[in-house]
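The primary structure of each chain is shown beneath.
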Amino acid sequence: ETDRLAACIELLDERRRELAGQVTASERLRAEIEQAIAAVPDEMQRHVLTARYIDGAPWWKIANQLYISERWAKALHRRGVEMLARVHASSLLQE
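It should be emphasised that the depicted structure is a prediction, and the values quoted were computed from it without experimental measurement.

A. Structural context of the packing of helix H2 (residues 43-53) against helix H3 (residues 59-66). Their axes nearest at 10 Å, the elements H2 and H3 cross at an angle of 145 degrees. Every pair of crossing elements has a handedness; the one defined by H2 and H3 is right-handed. Across the interface between the two elements, Met-44, His-47, Val-48, Ala-51 and Arg-52 of H2 pack against Trp-59, Ile-62, Gln-65 and Leu-66 of H3. Taken together, the residues of the contact of H2 with H3 break down into six nonpolar, two polar and one charged.

So, in structure tokens, the structure goes:
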């Protein structure tokens, strides 16, 4: 019984360490995404990208927050993603 308990505790510790590593990786990725979005010059595009990728908001909610249609929110998203691609490409060229 004691060996079984020790094995369970060891397994829990291992899982906790794995989870801590995943949390750290997720936090790092989130910071990278926030930094990339911050480089988009248009405020509304930044808002749409942040709401969608950081907050996980659905299109209807993003549209309501900005007092625009869902179609326009999606258009701003598309333009924001295109801007992200251009900003990322230019930063790669500078390296």
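B. Examining H2 more closely. Those residues of H2 that sit buried are Gln-45, Val-48, Leu-49 and Ala-51. Angularly, the buried residues of H2 cover 165 degrees about the axis, an arc narrow enough to put them on a single face. A distance of 3.1 Å separates the backbone nitrogen of Met-44 from a side-chain oxygen at the start of H2, and that oxygen is part of Asp-42.

Quick notes on the rules
Residues numbered from 1 in each chain as written. Predicted model: local features only at pLDDT ≥ 70, side-chain atom pairs only at ≥ 80, totals over all residues. Heavy atoms only, no water. Axes fitted to C-alpha atoms, helices over the stretch in contact; angles between N-to-C directions. Helix = DSSP H or I, 4+ residues; strand = E, 2+ residues; numbered from the N terminus. Left-handed = near helix turned anticlockwise from the far one by under 90°. Contact = heavy atoms within 4.5 Å. Nonpolar A, V, L, I, M, F, W, Y, C, P; charged D, E, K, R; others polar. Buried < 20%, exposed > 50% of the residue type's maximum accessible area, 1.4 Å probe, protein only. Arc of directions from axis to C-beta. Polar contact = N/O pair within 3.5 Å; in protein donor to acceptor, adjacent residues only side chain to side chain.

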